[in-house]
Amino acid sequence: MSANQKIRIHAMLRTLSPLHITSPEAARLNIAEMKPIYGDSKEHPPLNLTQKMTVHEAGNSPRNVPVIAANNVMGRLRRHAAACVLDALRSNNERIKISTYMGLQCGAVTGNPDGRDPLFQDFKDAHAHPYLGLLGGGPRMIRRAVHCFNMVPYMDATAIMFSRAMHPHLDESIHKAPADPRRLTQCWIMNRNDDLRELVNISQASEVVEDFDAQMTARQTAIIASSSADNRSEGDARLSTRSFSALEFVVPGVYFPMVFELDVNDAQMGLFLASLDRFAQKERLGGHSRNGFGNFSLTDVVATDMDGQILADGLFANSRLKLDNDFVKPYLKAWVAAAKEIDARELDRLFAPPLEESKAKRQAKASAAKSTTETV
């Protein structure tokens, strides 16, 4: 097993289409100005905001800037790493327990971590394992060996966030975002019509809908009644397909510098690179991917040491890992060798949830607790 190395991986994630990562804040859209209004005004359509982070810039008011949260990226990377492990298990004709599968996908086997103190040998085995050592988790909540920074566009307001780990190839003329974060987002209206309510293609509907005249009259009457009763022009949403809302998104072309810090062995680094390759190839970030949202490119992927000295660059081309890169090849080779040794029984052991207490033991504890309560 190779010794661990501390390495940073830098990249530039650039939006190629609108990006919408929903924020739970309540807002409305001022249609005249196409700007968010915070509050619950019924005069304006509801607006689904995109996730932002408040940044305090010296000498200026706080700025709300778009953010791609680190836990969002790490959750997706974990699933791509799990896919790599599952591919290895299939190649080895092995099967795992369902609890192990859940642990691989999300890091947790149950909602409650194992409260037992980990044995030193279990700790060593977990940290040496390609998957569990890289991404951590499991019943004993093993600490992961890769850490991702929250991703925000580089601008004057966010420059302080990059003081610890700046991309070595960051070029302000290319990568710097506008000083006003409001120029990074845009709002769109989402309007869904109700053909029958608006009497569109009525002749077509009348030819195929059963008992059309009676059904149409009943539907119209119910919509009109609900509008009058509630003093609303749109009527009850349960009676009509009509809806009117708005969506905020990050515009295409925005760069989000990406930073990972790793303390890993060769096989773990190989698994990370393979997972990052899958992430760049297959992922669509945020919601509304069915409408073309969430596309991105991954460029300027560079490896440095913890002091920022470049170890290798050009790790990706056209958002795909360069398998012939001299930095990449030995790590992938180590992962391929480790993948052949992945054992289902070992994974099941490392992800095994705590054994449930026997019924007799639980009854004894309950009796003791009751006796103590009665004595008090």
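First, a word on what this report is: a plain description of the structure on this page. (Residues numbered from 1 in each chain as written. Predicted model: local features only at pLDDT ≥ 70, side-chain atom pairs only at ≥ 80, totals over all residues. Heavy atoms only, no water.)

### Remarks on the overall build of the protein
Rule in force here: Each helix is a run of DSSP H or I of at least 4 residues and each strand a run of E of at least 2, with the numbering of both proceeding from the N terminus. For every residue, the accessible area obtained with a 1.4 Å probe (protein chains only) is divided by the maximum for its type, and the residue is called buried under 20%, exposed over 50%, and partly exposed between those limits. Contact definition: two residues touch when any of their heavy atoms are within 4.5 Å. Surface accessibility in these figures is a Shrake-Rupley result with a 1.4 Å probe; residues are shielded only by whichever protein chains are displayed.
The secondary structure content of the protein amounts to 11 helices and 14 strands. Within the span of the protein, comprising 376 residues, buried residues form 42% of the whole. Here the contacts in the protein between residues at least 6 apart in sequence split such that 70% fall between residues at least 24 apart. When the accessible area of the protein is evaluated, it comes to approximately 20,800 Å², of which 50% is carbon and sulfur surface.

### Examining the pairing of strand 11 (residues 296-304)
Where we set the bar: When DSSP finds at least two bridges between two strands, those strands are taken to pair.
For strand 11, a buried count of 7 out of 9 residues is recorded, marking the element as mostly surrounded by other parts of the structure. Pairing analysis gives 2 bridges linking strand 11 to strand 12 (residues 310-312), with the strands arranged antiparallel. Bridge pairing in strand 12 links alanine 303 to alanine 312. From the end of strand 11 to the start of strand 12, which pair antiparallel, there are 5 residues, and glycine 308 there has a positive phi angle of about 90°.

### Focus on the pairing of strand 10 (residues 255-264)
Of all the 10 residues making up strand 10, 9 are buried; the element is thus mostly covered by neighbouring parts of the structure. Strand direction decides the pairing type here: strand 1 (residues 5-15) and strand 10, joined by 10 bridges, are antiparallel. Each bridged residue has a counterpart across the sheet, and for leucine 13 the counterpart in strand 10 is phenylalanine 256. Of the pairings in the sheet, the one linking strand 7 (residues 146-148) to strand 10 comprises 3 bridges and is antiparallel in character.

### Observations concerning the pattern of salt bridges
For clarity, the cut-off: Each reported salt bridge corresponds to a side-chain nitrogen of Lys or Arg within 4 Å of a carboxyl oxygen of Asp or Glu.
Counted according to the given criterion, the structure contains 12 salt bridges. Linking glutamate 172 and lysine 176 is a salt bridge whose minimum nitrogen-to-oxygen distance equals 3.7 Å. When its relative accessible area of 29% is taken as the criterion, lysine 176 is described as partly exposed. Measuring nitrogen to oxygen at the nearest pair gives 3.1 Å for the salt bridge that ties arginine 182 to aspartate 180. Among the residues examined, arginine 182 registers a relative accessible area of 65% and is labelled exposed.

### Here's the deal with empty space enclosed by the protein
The cut-off we apply is this: Cavity: a set of points on a 1 Å grid over the protein atoms alone where a 1.4 Å probe fits but cannot get out. Pocket: an open set with protein on both sides within 12 Å along at least five of seven lines, its lining residues, like those of a cavity, having an atom within 4 Å of a point. Grid points are joined across faces, edges and corners, and a volume is the space filled by probe spheres set on the points. Following the grouping adopted for this structure description, the nonpolar residues are Ala, Val, Leu, Ile, Met, Phe, Trp, Tyr, Cys and Pro, the charged ones are Asp, Glu, Lys and Arg, and the polar ones are all others, Gly among them.
Within this structure, the stated rule accounts for 1 cavity of 30 Å³ or more. Reported here for the largest cavity is a volume of approximately 30 Å³. Residue lining of the largest cavity: Leu19, Ile21, Thr50, Gln51, Pro66, Val67, Val250 and Phe256, and that is the complete set. Counted by class, the lining of the largest cavity contains 6 nonpolar, 2 polar and no charged residues.

### Quick look at the packing of aromatic side chains
Here is the rule: What counts as a ring pair is set by centres within 6.5 Å for rings of Phe, Tyr and Trp (its six-membered ring), and what kind of pair is set by the plane angle: stacked under 30 degrees, edge-to-face over 60, tilted for all other angles.
A full pass over the atoms with the stated rule returns 8 aromatic pairs. Ring centres of tyrosine 154 and phenylalanine 162 lie 5.3 Å apart, and the angle between their planes is 70°; on these two criteria the pair is classed as edge-to-face. Note on accessibility: tyrosine 154 and phenylalanine 162 belong to one class, buried. Three or more aromatic residues joined by ring pairs form one cluster here, namely Trp188, Phe249 and Phe293.

### Let's talk about the sheet that holds strand 12
The cut-off we apply is this: Under this scheme, a helix contributes an axis fitted over its contacting stretch, all axes are lines through C-alpha atoms, and angles between N-to-C directions fall in the 0 to 180 degree range.
Read from one edge of the open sheet, 5 strands run 7-10-1-11-12, paired in antiparallel fashion. Whereas interior strands pair on both sides, the edge strands pair on one side only; in this sheet they are strand 7 and strand 12. For this sheet, the mean inter-axis angle between neighbouring strands, taken without regard to orientation, is 30°. Strands in contact with helix 8 (residues 266-282) are strand 1, strand 7, strand 10 and strand 11; relative to strand 10, the strand with the most contacts, it is inclined by about 160°.

### Quick word on unusual backbone geometry
The residue histidine 288 is not glycine, and still its phi comes out positive at about 60°. Mapped onto the secondary structure, histidine 288 falls in the loop between helix 8 and strand 11. Overall, the relative accessible area of 16% leaves histidine 288 in the buried class. The phi torsion at serine 319 lies on the positive side, around 65°, for a residue other than glycine. By relative accessible area, which is 12% here, serine 319 ends up buried.

### Here's the deal with a nonpolar patch on the surface
Stated formally: Candidates for patches are residues over 30% relative accessible area with no salt bridge; among them, like charges are joined within 9 Å and nonpolar side chains (Val, Leu, Ile, Met, Phe, Trp, Tyr) within 5 Å.
A surface patch of nonpolar side chains, amounting to about 210 Å² of accessible area, comprises Ile31, Met34 and Ile189. Accessibility expressed as a relative area gives 35% for isoleucine 189, which makes it partly exposed.

### Comments concerning the nonpolar core
Counted only if it meets this: Take the buried residues of types Ala, Val, Leu, Ile, Met, Phe, Trp, Tyr and Cys, join any two whose side-chain atoms come within 4.5 Å, and each joined set is a nonpolar core.
If you look at the biggest cluster of nonpolar residues, it comprises 84 residues, and the most contacted ones within it are Ile9, Leu13, Tyr131, Phe260 and Phe272. At 11 residues, helix 1 (residues 70-91) tops the list of elements feeding residues into this core. With residues up to four places along the chain from it excluded, the contact list for isoleucine 9 reads Met258, Val259, Phe260, Leu262, Phe272, Leu276, Val301, Val302, Ala303 and Leu315. Ranked by size, the runner-up nonpolar core spans 6 residues in total, among them Ala27, Leu47, Leu49 and Ala246.

### Looking at the environment of proline 130
Examined against the element boundaries, proline 130 turns out to sit in helix 4 (residues 130-135). Exposure remark for proline 130: the relative accessible area of 11% places this residue in the buried category. Once residues within four sequence positions are removed from consideration, proline 130 is found in contact with Gln268, Leu271, Trp335 and Ala338.

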